[in-house]
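Descriptive structure summary
Next come the chains, spelled out residue by residue.
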Amino acid sequence: MKSKVLPIFCSVTLCLALSIQSLSAQWAADPSVEGKIAELVKKMTLEEKISMIHANSSFTSAGVPRLGIPELTTSDGPHGVRPEHGRDWVLDNKGGDSSTYLPVGITLASTWNTQLGYAFGAVLGQEANFRGKDVILGPGINIIRTPLNGRNFEYMSEDPYLISKMAVGYIKGVQDQGVSASLKHFIANNQEIMRSGINVEMSDRALREIYLPGFRAAVVEGGVNTVMGAYNRFRGEYCTYSNLLVNQILKGEWGFRGLVMSDWGAIHDTKEALLGGADLEMGTDLSMLPNPDFSKFYFADAALKLVRNGEVSESVIDDKVRRILRVMFKTHMFANRPKATHATKEHAELARKVAEEGITLLKNKGVLPFNKSALKTIAVIGANANRENAMGGGSSQVRPRYEITPLKGLQNAAGNSIGVVFEQGYTITKNATADKELIRKAVEAAKKADVAVVVGGWIHGYDYSKWDENAYDTEGFDKASLKMPFGQDELIQAVVKANPNTVVVLYGGGAIDMMAWEKNAKAIIQAGYPGMEGGNALASILFGDVNPSGKLTVTFPKTLKDIPAHKLGEYPGDSVTVRYNEDIFVGYRYFDTYRVKPLFSFGHGLSYTSYQYTKPLVATTDSSAVLKFTLENTGARGGAEVVQVYVADRKSSLKRPAKELKAFQKVFLQPGESREVEMTLDRSAFSYFNDQQGKWVLEPGEFDILIGSSSSDLRLKKRIKL
Ligand code: BGC
């Protein structure tokens, strides 16, 4: 079968997206805009200023019509523009609000393709612009600390370097469309249990090395226009108005001149929040439903009173208004806002391309790709094969024009020549256990078929209209365990026994416990939530029309107990505080350093071809290194390899992880083609945050540069001295 090579520059959508000039200048002051802002602020009454710093509907805050300042209009979410709620919290259902359902954050990150990050953002930004939004509430970039976190699917990785690279592209893609991105949730919203108040304690080192770098890159390199504060607290202060996080680090150290908005209902005190750096209060009406009185918001009448009685200076309010106006000048009031398109075929094609590159082949013992001409029947088994995901998960819901499920995708690809038989295998209902009759039917179908594809894993929830019905991958809840729900272990065990040519496809925002059947399954695919074209993308991979190139962005443990947050740290903490005692040893940093073998390593993902790494060369200065090596596609299919570069410090005053990701590149090669790959490691690749000295340090000495196909499949090693 001919494989489709995926040269990055061949897709029409991608070319369009990449040809748009980068408009998202960093936050350098633009004197002409600053002048206009100053004039507007001078003309405003205090009441008008106050009206701008709190919500006046579910997703908007007021403008000042007499001065030509429009409302600020926001919308979720990270992987598509949310359906319309109008000014309240009830879905309008009037039609006309469909948008492209892109693969979720973790699936986007699994592509390890920064150009796709940009193209993804560009689609989102265009559609938000079309729907009249100024701010799209994404990307979500919280560190994946525990696989139980219900919102991991919206986030990207356990690794701050990978997050930084993917988020910067996404943000530029959004903002080049004249729409602001909103970076969330700043910071340490790493669990949904008790999210609205839990206090997070961690060391300065963990803060600087693990939890801040993605946010810093998004602000400093990505030039993000808005940041959303997290619900939780950090060292006792609410994150949205933590003096340390917002005033000192974000606005001080990083020079952020844009707007800090609260998460919906994350403000709890007027004076503290005004002085702690929050600029815009959103969502407090959630506690006032069904009759919100916006004058009762913390940043409404109460703020006015504090300024009038002199407890808070008007200049504090002016600064917030200026920040909101800066965002308005980059969006709604931006004269050159690009023309927007919406839910187009090209956007769906981009969604498919992200899915094709994000779906990850974890295991393959000679089953894949299927040989189309030799197949007569495929048994597709599992309720997830027939389930739509777009409207699930909470605030990130999207209403696409259509969603290709795995079953539909396989039916599309099979055409008339191959029979596709479906058996649901398990039932998606609360507390469902293995269903003997459904398993019996599934086994029968698997026996009769040439190959079986079991589609299972996590779901967003039972009933998408009721959030409190939700479980697993969803906002507001964490998973109760890592075990497969609905008796899927029993089902998979029975099917792999009935048909050795079984492929297990897992949906979900990260790891699941596979220990009951992993050894017996010949092929396993991690699909994430691959968006509206996901089923087609999956079928292309199963049939070998696309050569898989996704790589895991999180470690898949054998068991939950091996996860450092659970073993060394705390989860979910007591009712007040959660302590990140695992410190910087998050994800593979822990597994590698403490020599715990995971089931599938960070960065792991197989291909239908093979790659050879040869001829490493490294040239160093006193604080950087340029490395070169040759990568060759030694197999018979075109494909893409994600080459990963890890740095290991041989000796340091403070304990460092065994190795850390410091560079990567996705390289597309035809069969037999080889290319010299060059990458630069700057000072930051060798430095660590010494919290005894309170600064980043590069300790001279020996470092190993490890180059490979995953964090556990290293092919080249070079020792250098700096
Ligand atoms: C979520 C945010 C979301 C906001 C608006 C909050 O509950 O945490 O991520 O953007 O709602 O829907």
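Residues numbered from 1 in each chain as written. Predicted model: local features only at pLDDT ≥ 70, side-chain atom pairs only at ≥ 80, totals over all residues. Heavy atoms only, no water.

**Description of the sheet that holds strand S15 (residues 523–528)**
The strand order S10-S15-S14-S13-S11-S12 describes an open sheet built from 6 strands, whose pairing is mixed. For this open sheet the edge positions go to strand S10 (360–364) and strand S12 (419–423), each flanked by a neighbour on one side alone. On average, each strand axis in the sheet is tilted by 20° relative to the strand beside it, whichever way the strands run. Pairing of strand S14 (residues 502–507) with S15 involves 5 bridges; the strand directions are parallel. By the bridge assignment, valine 505 is partnered in S15 with isoleucine 525. Packed on one face of the sheet, helix H14 (residues 406–414) meets strand S11 (377–381), S12, strand S13 (451–457) and S14 and runs near 165° to S12. Helix H17 (residues 534–542) rests against S13, S14 and S15 of the sheet, and its axis sits at about 155° to S15. (Pairing = 2+ DSSP bridges. Helix = DSSP H or I, 4+ residues; strand = E, 2+ residues; numbered from the N terminus. Axes fitted to C-alpha atoms, helices over the stretch in contact; angles between N-to-C directions. Contact = heavy atoms within 4.5 Å.)

**Some remarks on the site of the ligand**
Lining the immediate surroundings of the ligand are 14 residues, of which Asp76, Arg151, His185, Asp263 and Glu475 lie closest. Histidine 185 places a side-chain nitrogen or oxygen 2.8 Å from an oxygen atom of the ligand. One of the side-chain N or O atoms of aspartate 263 is found 2.7 Å from an oxygen atom in the ligand. Surface burial for the ligand is 95%, taken as the share of its 310 Å² of free accessible area covered by protein chains. Grouping the amino acids of the shell around the ligand by side-chain chemistry returns 5 nonpolar, 2 polar and 7 charged. (Near = heavy atom within 4 Å. Polar contact = N/O pair within 3.5 Å; in protein donor to acceptor, adjacent residues only side chain to side chain. Areas by Shrake-Rupley, 256 points an atom, 1.4 Å probe, with all protein chains shown as cover. Nonpolar A, V, L, I, M, F, W, Y, C, P; charged D, E, K, R; others polar.)

**A short note on the sheet that holds strand S6 (residues 226–229)**
Reading across the sheet, the 6 strands line up as S1-S2-S3-S4-S6-S9 and stay open at both edges, with mixed pairing between neighbours. In this open sheet, the two edge strands, each paired with only one partner strand, are strand S1 (60–61) and strand S9 (259–261).

**Some words on unusual backbone geometry**
A cis amide bond links lysine 184 to the next residue, histidine 185, at an omega of -5°. Positionally, histidine 185 belongs in strand S4 (residues 180–186). You will see that arginine 595, though not glycine, has its phi angle at about 50°, which is positive. Following the sequence through the fold, arginine 595 ends up in the loop between helix H19 (588–593) and strand S17 (611–620). Even without a glycine there, the phi angle at lysine 615 is positive, about 50°.

**Details of the confidence of the model for the protein**
Residue-level pLDDT values for the protein average 94, and 96% of them are 70 or greater. pLDDT under 50 marks residues 1–25. Its contacts with residues more than four places away, or in other chains, come to 65 contacts. (pLDDT = per-residue confidence, 0-100.)

**Regarding the environment of alanine 663**
Tracing the sequence through the fold places alanine 663 in strand S20 (residues 660–669). Between the alpha carbons of alanine 663 and valine 453 there is a distance of 35 Å; along the sequence they are 210 residues apart. When residues no more than four places from it in sequence are discounted, the contact partners of alanine 663 are Tyr161, Val643, Gln644, Val645, Met679 and Leu681.

**Some thoughts on the nonpolar core**
Formed by 159 residues in total, the largest nonpolar core has its most connected members in Phe186, Ile187, Phe370, Met514 and Ile525. One finds Leu67, Leu280, Phe299 and Ile317 within the second-largest nonpolar core, a separate group that totals 46 residues. (Core = buried A, V, L, I, M, F, W, Y, C linked by side-chain atoms within 4.5 Å. Buried < 20%, exposed > 50% of the residue type's maximum accessible area, 1.4 Å probe, protein only.)

**Remarks on helix H16 (residues 488–498)**
For H16, the full list of buried residues reads Gln488, Asp489, Leu491, Ile492, Val495, Val496 and Ala498. Those residues of H16 that are buried lie in contact with S11, helix H15 (436–448), S13 and S14.

**Thoughts on the side chain of threonine 284**
Position of threonine 284 among the secondary structure elements: in the loop between helix H10 (270–275) and helix H11 (301–308). A polar contact is formed between the side chain of threonine 284 and the side chain of glutamate 281, at a distance of 2.6 Å.

**So, helix H7 (residues 204–211)**
Most of H7 sits inside the fold, with 7 of its 8 residues counted as buried. Residues Arg205, Ala206, Leu207, Arg208, Glu209, Ile210 and Tyr211 constitute the buried set of H7.

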